[in-house]
Amino acid sequence: MPPIRFPLSRREDARLIDLHCHSDASDGTLTPAELVDLAVATGLQALAITDHDTFEGYDAARPVAVSRGLALICGVEVGARLAGASRSAHILGYFFQDPGAELRDWLLHLQVSRRERNVALLERLQENGIRLSWDDLVSRAPRQMGRPHFAQAMVSQGYVRTLQEAFDLYLSEDGVAWTDRDEPPCEEAISRIVNAGGVACLAHPVRLSRDAARMREILSQLIPAGLGGLECHHTEHTPEDTRLLLALASDFRLVVTGGSDFHGVNKPGVSLGTGAGNVDVPASVLDKLQALCGSVQGR
Ligand code: AMP
Ligand code: FE
Ligand code: FE
Ligand code: ZN
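Summary of the structure given here. Throughout, residues of each chain are indexed from 1 in the direction in which the sequence is written. Whichever chain is written first becomes A and whichever ligand is written first becomes 1, with later ones labelled in order. Totals for whole chains, interfaces and linings use every residue, but because this is a predicted model, local features are given only for residues with pLDDT of at least 70 and side-chain atom pairs only at 80 or more, for both listing and counting. Working from all heavy atoms in the structure, the side-chain values ignore hydrogens and water.

## Here's the deal with the sheet that holds strand E6 (residues 227–234)
Here, strands pair whenever DSSP counts at least two bridges between them. Only DSSP runs of H or I with at least four residues qualify as helices, and only runs of E with at least two residues qualify as strands; both kinds are numbered from the N terminus onward. The strand order across the open sheet built from 8 strands is E7-E6-E5-E4-E3-E2-E1-E8, with neighbouring strands paired in mixed fashion. The strands lining the two open edges of the sheet, one partner per strand, are strand E7 (255–259) and strand E8 (281–282). Two elements, strand E2 (residues 46–49) and strand E3 (residues 71–80), share 4 bridges in a ladder whose sense is parallel. Across the sheet, residue Ala46 finds its bridge partner in E3, namely Ala71. Packed onto the sheet, helix H7 (residues 186–195) meets E3, strand E4 (89–95), strand E5 (199–202) and E6 and runs at close to 5 degrees relative to E4. Here a residue-residue contact requires only that any non-hydrogen atoms of the pair lie within 4.5 Å. Axis definition: a line fitted to C-alpha atoms, over the contacting stretch in the case of helices. Angles run 0 to 180 degrees between N-to-C directions. Here helix H9 (residues 239–251) sits on the sheet in contact with E6 and E7, set at roughly 160 degrees to E6.

Here it is, written out as structure tokens:
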């Protein structure tokens, strides 16, 4: 298979890239091939598929991206425990060469804890009067089941009106059926990504805090573990969030990354490339990310 061409030329820098999206290999609703087609139709210069805990979507999209001339970056998003935080952190890993068997095996191991969580979550929902069938959930999750599939089933059976209501009332950390999951510590997620030749970035940092001092603490904790980038551009970020995160990335010498976190119809109102009309990631970000990746590999 011919290599995908990096870096992008200067002329192409004006065009957008998207470094965060999900296919139906995790909890998005488009197939990997459909994602590539949408990226091309949207005029994106490059796309990273960052499914939760799996490279299956990337693997399937790669030959399609080669045939369509789209620069496709291998990515992954891993939920991880952060000491002193009430919510898990999401760590993005980006790879410019194959991440290899060790990381792939580790992701398979994470999928075991996901499955255990799914079984326990189904029971918790049942205790709260929400009767979903395992077979129905499996039919909605072609490869890997996640909470958005539970939300879909709840809407379809009339328990809630919207996916968001399913999260707010039942599935989120504050929901009545909230079921925790065994997640690796952030430091382990980061070091495994770096050891596999990737760059580890903190996804949508506002999930953890919008406070500058707290963010500084978190970054000071994760950078010694190998954190290399900060997702400054994201659909859920306000302009103030983005300004703060860009300043922090500069202070801590982290690579700026960004993306829409597109999930197809599982996240209504979020478009590939542009998010809610507020995401605008310049292609120059990719060169810096790749340069860091090279320096990590050359250590
Ligand atoms: P899981 O990996 O199965 O725990 O599901 C996590 C996914 O559920 C996230 O990646 C989002 O797609 C979605 N999600 C999590 N929390 C919320 C929320 N509060 N509102 C809407 N969607 C959410
Ligand atoms: Fe998701
Ligand atoms: Fe996330
Ligand atoms: Zn995501």
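Next comes the rest of the description.
## Points about the coordination of the iron ion (ligand 2)
Within the protein, the atoms that donate to the iron ion (ligand 2) are Asp27 (OD), His52 (NE2) and His263 (NE2), at distances of 2.1 to 2.2 Å. Sites may look incomplete, because water is not among the atoms used; the donor set itself consists of N, O and S atoms within 2.8 Å of the metal (3.2 Å for Na, K and Ca). When the donor residues of the iron ion (ligand 2) are listed from N- to C-terminus, their spacing reads D-x24-H-x210-H. Separating the iron ion (ligand 2) from the iron ion (ligand 3) is a gap of 5.8 Å. Here Asp27, found in the loop between strand E1 (16–18) and helix H1 (32–42), pairs with His52, found in the loop between E2 and helix H2 (56–68); they are 25 residues apart in sequence, far enough to count as distant. His52 carries the same exposure label as Asp27, and that label is buried. Only protein chains enter the accessibility calculation, which uses a 1.4 Å probe. A residue is then buried if its area is under 20% of the maximum for its type, exposed if over 50%, and partly exposed in between.

## Here's the deal with the pattern of salt bridges
The salt bridge criterion pairs a side-chain nitrogen of Lys or Arg with a carboxyl oxygen of Asp or Glu, the two atoms within 4 Å. For the structure on display, the rule yields 18 salt bridges. Among the ionic pairs, Arg161 bridges to Glu165, the shortest N-O distance being 3.3 Å. Each of Asp24, Glu56 and Arg143 takes part in a single network of salt bridges with overlapping partners.

Shape descriptors only; they carry no functional weight alone.
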